[in-house]
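# Results of the structural survey
These are the residues of each chain, in order.
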Amino acid sequence: MTTKSLGGALALTLLASTAFATAASADTLSMWVRASGTNAATNLVNLWNASHPDKIELTTIPDNQMVTKLATGVQAKDVPDLVSFDLIYMPDFMKAGFLTDLTAELKANPNYASVAKAYQDIATYDGKIYGAGFTPDVSILVWNKDLFKKAGLDPEKGPTTLGEIHEDAKKIRALGADTYGFYFSGSCPGCNIFTGSPLMVAAGSKMLPANGKDDALTGDGVKAVLEAYKAMWDEGLVPKSAQADNGQDFVSLFKSGKIGIQGAGGFVIADFKKDVPTMNFGITFLPGVKEGQTSAFVGGDVVAVPVGSKHVDLAKAFINWELTDDAQIEGLAKNNILPSRPSLADNKYFKAEPKLVTTAKALGVGYVPWVFHFNDMVNSDSSPWINMLQRAVFDGDVDGAIKEAREKMKAIAAE
Amino acid sequence: MSVATIPAQDSAAVARPARRLSPTAYLVGAICVAVAALMAAPLALSLLASIKTTADASAVPPHYLPQALSAESYWKVVNFQAGLATYVGNSALVAGITIVACLLLAAPAGYGLARFAFRGKEIAFLLLLAPIMIPYQALLTPLYLDFAKLGLANSHFGLALVHTVLQLPFSIYLMRSAFEAVPREIEEAAAMDGCSSWQSLLRVFLPLAFPGLVTVGLFAFINSWNEFLGALIFMNHETDFTVPIMIVSVRTGNHGAVDWGALQASVVISILPCLAVYLLLQRYYISGLLAGAVK
Amino acid sequence: MGGVQARRRAQGWLYIAPALLFVVLVVVVPFGQLVALSLSNQSLLGGGHFVGFDNYVKIWNDSAFWRALGFTLKYTLWLTPILMGLGYALALLTVDNSPLKKATRTIAFLPVVIGLGSSSLLWIWLFDEQVGLLNKALVDLHVIDAPIVWFVTADLAFWAVSISVTWKVVGFGMVLFVAGIQSINPEILEAAVIDGAGYWSRVWRIVLPLTRRVVLLTTLISVIGSLLALDQFYIMTSGAPRGQTFTAVYWIYQNSFVAFKLGYGAALSVVLTAVIMALSALQIALSQRGKAE
């Protein structure tokens, strides 16, 4: 028996059991999803609703308020049945006891074993499992094939080292006043941890400390990447507006055909197809300093069951269901979203779009940081991470920036 | 009867010395046009951008005019999640309750402050101003937990109470000023006719201060309509959400990317009701803001 | 006589009682809880215990907070005269009710009805060096040679935010002042005209003094609003560069909701409220002197 049919049988059994249990009347489950994950989540929820009597109602929470909403909801004992949120919050939520223990159900689900290791790790605390990957995204490098061609570069070959990024960017900048070689959102902490840190990790660095005794920003990778960014900035290969970009123009300039190379996420595949269908772009892994070094930031949303959920069994059933082949392929892959089970990357939808296959493979080489207070350390507007980036690249003090960031991160981790 | 409203033409004495159009008048007119153009420009550009395609709205370099007309941004906003009609309905409900609550509380309070002398009056007035002096973001969390215990969380009524308390200081100030503008003779005449203070309020003061009431309603509407954080914290279901929450969600992309077209469309959409209310009530509230500045 | 007065006094209290009770329940009680919270190290995610005045001691040493407060004060001192001055000028400009003036007034008031969040994003779009039309217009009009990146230095960012807030809020002052000016007894002004007083002389000697009260109260509201500024900076500058454009409330937000330090954030809120109340009391005391009543 193949995994697929076994999984299918399991799903059917679960479905049947829940159907028996709630045969009397259909329930409605509430689910919170963050704003930027709404489109992705809607695909899965619609698929579930089409084939199950119990319906799920989605509520969209603006990204920045998700933590506050969940925290106040738990305290007021008014939580949704399911919640999907940025996976970097898992450690904090698990530690705070906000989430229901799903260990028994997920360990018994054969599909869970094939979920990408990064997603399994981020959802595990003290040996117990509290969630599963839901709508994955992963960071990759994109390049503009038309600009490459114009600059005399091979449009089918993306850069494979940090040095190549720099060299290629120089050639593209030479094309004209309006064309830039490289881009990054200089005031967006999240964009840069997503696209910049994998360059550092690929070059051998470890990023964030898990506790007060752990090391932060180890290895030479951090310095190498910051120096490369600084060099590109100093040489004018990056538009001046990048410095003030909070993320609102994360991919806008690339979409206008003005940028040669930049880090981005798998989400661009669907996004570009919709908004700029004629753009020729390539996707590859984010590289390190030497050939063959690659990494990625494994991101996206996880799904969990908050403590206080009024439909715990149904919620668990949903999570088990979303890991099935059918849900992953028809719900996610069909809509250009990565399945959280890399083994399913080889599906009919992805075969039609090879960029998706590359992106799915990136899940395998990627990392995800398992730390508390990720928000404070990285995403916050006053975080050591963004201060380090800005001080190194725009102020020019690479060493000082790294040193300061290391100290502040360790201080936060020690809290 | 309408002592509280002074014919507008008389204030021409301030604006210009003579009736015929002097060069000064032309200059003043030109300045008006310039001011209006400057103030309207961002909104006009926003409107133009809202009818561009999504890609064009974030194009680099930007274009003043749309390359091609497209309703896709409006489509996105109108069809987002629960649908625009739901959000508008919720916002209207909350705003409506806020207006009523503001009037019910601010009118008597303004009356008491305007026409009665009692020790501690100014301190009471300061206390009534307190809500605007506290960073209300900090108050929202304890307030939400309190309301949850009282069963007021997740209710539009509860949210309206929060909006009311935020509007109350300004509303009371408006009503106080409006009532202070009523001449003593009229109040004394009513008293001599045997009216109690309550009857005076209902039969004499409220009608005379009607423009003030309208003004309170207008500002209560505008501020309740646009309030975001309280609405998000107090509501837990998409179908209960108000327009500001939808506006934030519809324009948010991955990693903070902003859908500029959706932003512009949502700005245009959210302005329209407030603009309509403002235009309808305009003739009332200008004379309503008789802030009693001059007596 | 005494009986009537006592009854009037009691009635006065009765009339303000509902509003007073409401404010006590919905504001004073939660504020009390906030004070209690400030004496703990509670986290947004729950948990924490009583720590007495530790948070307040930390605030004393929190240079980032004092820098944010200083920035907020600088912002308030800079913006208030602009808002009040421009608002009054616009009021004088549009005070008579001719169609052109009314239309101008309506258009100037229009930005007031938009939400501050949307307005901030609208301006960040306009100011953007790449997608923004403001830069393009400035270049097209030959005011500047090349697009400016507005949010890279604290000063430029400050200007940009000020421009956007002025656009949004100036109509509010204008409308209040127009009402104040329109309520001046026209006989006073006509008498001044007959006496030969020129326009500006009338404005300076009659209109301004007679609209004193509305100007002072509007200024108070504007000052308090500026001291509590958050949205415009949160959206437009994200505190950049290097946290130089954090306002006081922004810093509270960072501590409470980003770093999860709810207790510490509550203490910051209490301190900020105290500052605002002190400044408001000062303003009111100054305005009571020589009140035209």
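In this text, all values refer to a predicted model and were calculated from it rather than measured experimentally.

### Overview of the overall build of chain B
In terms of regular secondary structure, chain B is built from 14 helices and zero strands. Going through the 295 residues of chain B one by one, you find that 60% of them count as buried. For chain B, the proportion of contacts with a sequence separation of at least 24, taken over those separated by at least 6, is 73%. Roughly 11,200 Å² of accessible area belongs to chain B as shown, and the carbon and sulfur atoms make up 70% of that amount.

### Re unusual backbone geometry
Among all residues except glycine, the phi angle is most often negative; among peptide bonds, the trans geometry is most common. The backbone phi angle of Leu217(A) is positive, close to 50°, even though this residue is not glycine. Inspection of the secondary structure assignment puts Leu217(A) in the loop between helix 10 (197–202) and helix 11 (221–234). Here the phi dihedral of Asn154(B) falls at roughly 60°; this positive angle occurs in a residue that is not glycine. Among the structural elements, Asn154(B) can be located in the loop between helix 7 (136–150) and helix 8 (156–180).

### Quick word on the interface of chain B and chain C
Across the boundary between the two partners, chain B contributes 99 residues, which contact 94 residues of chain C. Between chain B and chain C lies a buried interface of about 8,800 Å² when both sides are counted; carbon and sulfur atoms form 75% of it. Counting every contact that joins chain B to chain C gives two salt bridges. Between Arg213(C) and Glu180(B) there is a salt bridge, with its nearest N and O atoms 3.1 Å apart. Across the chain B-chain C interface, the total number found is ten residue pairs in polar contact (both at pLDDT 80 or more). Considering every element that reaches the side of chain B that touches chain C, the biggest residue donor is helix 2 (residues 23–50) of chain B, with 15 residues. For the side of chain B that touches chain C, the class distribution of residues is 74 nonpolar, 15 polar and ten charged.

### Some remarks on the interface of chain A and chain C
Facing the 33 residues of chain A at the interface are 29 residues of chain C. Summing the contributions of chain A and of chain C, the shared interface buries around 2,400 Å²; its carbon and sulfur component is 52%. In this assembly, chain A and chain C are joined by zero salt bridges. Secondary structure elements with two or more residues in the side of chain A that touches chain C: helix 3 (66–75), helix 4 (90–96), helix 18 (374–379) and helix 19 (384–393) of chain A. Tallying contributions element by element places helix 3 of chain A first for the side of chain A that touches chain C, with four residues.

### Considering a nonpolar patch on the surface
A cluster of nonpolar side chains, Leu127(B), Leu21(C), Val24(C), Leu25(C), Val28(C) and Val29(C), forms an exposed patch at the surface whose accessible area comes to about 460 Å². Here Leu127(B) is to be found in helix 6 (residues 121–129).

### Description of the nonpolar core
Counting residues in hydrophobic clusters, the biggest one holds 332 residues, and the most contacted among them are Leu82(A), Phe85(A), Leu226(A), Met388(A) and Phe151(C). Counting residues per element, this core draws most heavily on helix 7 (residues 154–182) of chain C, at 14 residues. Among the domains, domain 1 (27–137 + 300–360) and domain 2 (138–297 + 368–413) of chain A are the pair contributing at least three residues each to this core. The contacts of Phe85(A), once residues within four sequence positions are left out, are Arg34(A), Met66(A), Met90(A), Phe93(A), Leu99(A), Gly300(A), Asp301(A), Val302(A) and Ala304(A).

### Structural notes on the pairing of strand 2 (residues 55–61) of chain A
Residues and elements named next belong to chain A. Counting buried positions along strand 2 yields five of seven residues, so the element is predominantly enclosed. By the bridge criterion, seven bridges tie strand 1 (residues 28–34) to strand 2 in an arrangement that is parallel. Among the inter-strand pairings, arginine 34 is bridged to a residue of strand 2, identified as isoleucine 61. A crossover links strand 1 with its parallel partner strand 2, the connecting element being helix 2 (residues 38–51), and its sense is right-handed.

### As for the environment of Leu202(B)
Residue and element names in this part refer to chain B. On the secondary structure map, leucine 202 appears in helix 10 (residues 197–208). Residue leucine 202 is classed as partly exposed on the basis of its relative accessible area, which comes to 42%. In the structure, leucine 202 is positioned 94 residues away from proline 108 in sequence and 9.9 Å away in space, judged by C-alpha atoms.

### A few points about the confidence of the model for chain C
Residues and elements named next belong to chain C. Summary statistics for chain C give a mean pLDDT of 87 and a share of 97% for residues scoring 70 or more. Highest mean pLDDT in chain C belongs to helix 3 (residues 63–94) (94); lowest belongs to helix 6 (residues 133–140) (80). Across the predicted assembly, pTM comes out at 0.86 and ipTM at 0.86.

### Thoughts on the state of the cysteines
Using the criterion set out here, one finds one disulfide over all chains in the structure. The disulfide partner of Cys188(A) is Cys191(A), and the S-S distance across this bridge is 2.1 Å. Across the S-S bond linking Cys188(A) and Cys191(A), the dihedral sits near 75°, which makes this disulfide right-handed. Of the residues examined, Cys191(A) reaches a relative accessible area of 1% and is grouped as buried. Here Cys274(B) stays unpaired: no disulfide links it, and the sulfur of Cys102(B), its closest cysteine neighbor, is 15 Å away.

### Thoughts on the pattern of salt bridges
Evaluated as defined, the whole model comprises 30 salt bridges over all chains. Lys316(A) is the partner of Glu105(A) in a salt bridge, and the nearest nitrogen-oxygen pair spans 3.0 Å. Within this pair, whereas Glu105(A) is found in helix 5 (residues 103–108), its partner Lys316(A) is found in helix 14 (residues 312–322), the two being separated by 211 residues in sequence. For Glu105(A), a relative accessible area of 27% corresponds to the partly exposed category. Overall, the relative accessible area of 15% leaves Lys316(A) in the buried class. The salt bridge partner of Glu187(B) is Arg8(C), with a shortest N-O separation of 3.7 Å. Of the two residues, Glu187(B) sits in helix 9 (residues 184–192) while Arg8(C) sits in helix 1 (residues 2–38), which places them in two different chains. Taking the relative accessible area as the measure of exposure, Glu187(B) reaches 10% and is therefore buried.

### As for the packing of aromatic side chains
Residues and elements named next belong to chain B. Tallied over the entire structure, the rule returns 57 aromatic pairs over all chains. For the ring pair tyrosine 111 and phenylalanine 179, a centre distance of 5.8 Å and an interplane angle of 70° mean the geometry is edge-to-face. Here phenylalanine 179 lies in helix 8 and tyrosine 111 lies in helix 5 (residues 84–115), a separation of 68 residues in the sequence. Phenylalanine 179 shares its class with tyrosine 111; the two are buried. Measuring from centroid to centroid gives 5.3 Å for phenylalanine 170 and phenylalanine 219, while their planes differ by 85°, and the two rings are edge-to-face.

### Thoughts on the side chain of Ser270(B)
Residue and element names in this part refer to chain B. Tracing the chain through its elements places serine 270 in helix 14 (residues 260–288). On the basis of relative accessible area, serine 270 is assigned to the buried category, the value being 3%. A distance of 3.2 Å separates a polar side-chain atom of serine 270 from the backbone oxygen of valine 267.

### Concerning the packing of helix 2 of chain A against helix 14 of chain A
Residue and element names in this part refer to chain A. Look at helix 2 against helix 14: their axes get within 11 Å of each other, and the N-to-C directions meet at 110°. Classified by the angle between their axes, helix 2 and helix 14 sit roughly perpendicular to one another. Judged by residue contacts, Leu44, Leu47 and Trp48 of helix 2 engage Ala317, Phe318, Trp321 and Glu322 from helix 14. Grouping the amino acids of the contact of helix 2 with helix 14 by side-chain chemistry returns six nonpolar, no polar and one charged.

### Observations concerning the confidence of the model for chain B
Residue and element names in this part refer to chain B. Looking at chain B, pLDDT values average 83 and 88% of them are 70 or higher. Least confident of the elements in chain B is helix 1 (residues 12–15), whose mean pLDDT is 50; most confident is helix 5, at 94. With pLDDT under 50 throughout, residues 1–13 is counted as low confidence; its partners more than four residues away or in other chains account for 22 contacts. This stretch, residues 288–295, has a pLDDT under 50; its non-local contacts, to residues over four places away or in other chains, come to 32 contacts.

### So, helix 13 (residues 243–251) of chain B
Helical geometry note: an α-helix holds 3.6 residues per turn, so side chains three or four residues apart project in the same direction. The element helix 13 of chain B is largely enclosed, with a buried count of nine among its nine residues. Taken residue by residue, helix 13 of chain B has Val243(B), Pro244(B), Ile245(B), Met246(B), Ile247(B), Val248(B), Ser249(B), Val250(B) and Arg251(B) as its buried positions.

### Description of the environment of Val170(C)
All names here are of chain C. Following the sequence through the fold, valine 170 ends up in helix 7. Accessibility expressed as a relative area gives 4% for valine 170, which makes it buried. A sequence separation of 85 residues divides valine 170 from asparagine 255, and the C-alpha atoms of the two residues are 31 Å apart.

### Examining helix 7 of chain C
Residues and elements named next belong to chain C. In this model, helix 7 (29 residues) spans 41 Å end to end at C-alpha, consistent with the 42 Å of a helix rising 1.5 Å per residue. In the structure, helix 7 departs most strongly from a straight axis at valine 169, where the bend amounts to approximately 40°. The element helix 7 is largely enclosed, with a buried count of 24 among its 29 residues.

Rules used throughout
Residues numbered from 1 in each chain as written. Chains lettered and ligands numbered in written order. Predicted model: local features only at pLDDT ≥ 70, side-chain atom pairs only at ≥ 80, totals over all residues. Heavy atoms only, no water. Helix = DSSP H or I, 4+ residues; strand = E, 2+ residues; numbered from the N terminus. Buried < 20%, exposed > 50% of the residue type's maximum accessible area, 1.4 Å probe, protein only. Contact = heavy atoms within 4.5 Å. Areas by Shrake-Rupley, 256 points an atom, 1.4 Å probe, with all protein chains shown as cover. Buried area = accessible area lost by both parts, 1.4 Å probe. Salt bridge = Lys/Arg side-chain N within 4 Å of Asp/Glu carboxyl O. Polar contact = N/O pair within 3.5 Å; in protein donor to acceptor, adjacent residues only side chain to side chain. Nonpolar A, V, L, I, M, F, W, Y, C, P; charged D, E, K, R; others polar. Patch = residues over 30% accessible without salt bridge, like charges linked within 9 Å, V, L, I, M, F, W, Y side chains within 5 Å. Core = buried A, V, L, I, M, F, W, Y, C linked by side-chain atoms within 4.5 Å. Domains from an automatic or database assignment. Pairing = 2+ DSSP bridges. Right-handed = clockwise from strand over helix to strand, strands pointing away. pLDDT = per-residue confidence, 0-100. Disulfide = S-S within 2.5 Å. Phe/Tyr/Trp six-rings, centres within 6.5 Å; stacked < 30°, edge-to-face > 60°. Axes fitted to C-alpha atoms, helices over the stretch in contact; angles between N-to-C directions. Parallel < 35°, antiparallel > 145°, perpendicular 65-115°, else oblique. Expected span 1.5 Å × (residues − 1). Bend = angle between axes of the 7 residues up to and from the residue.

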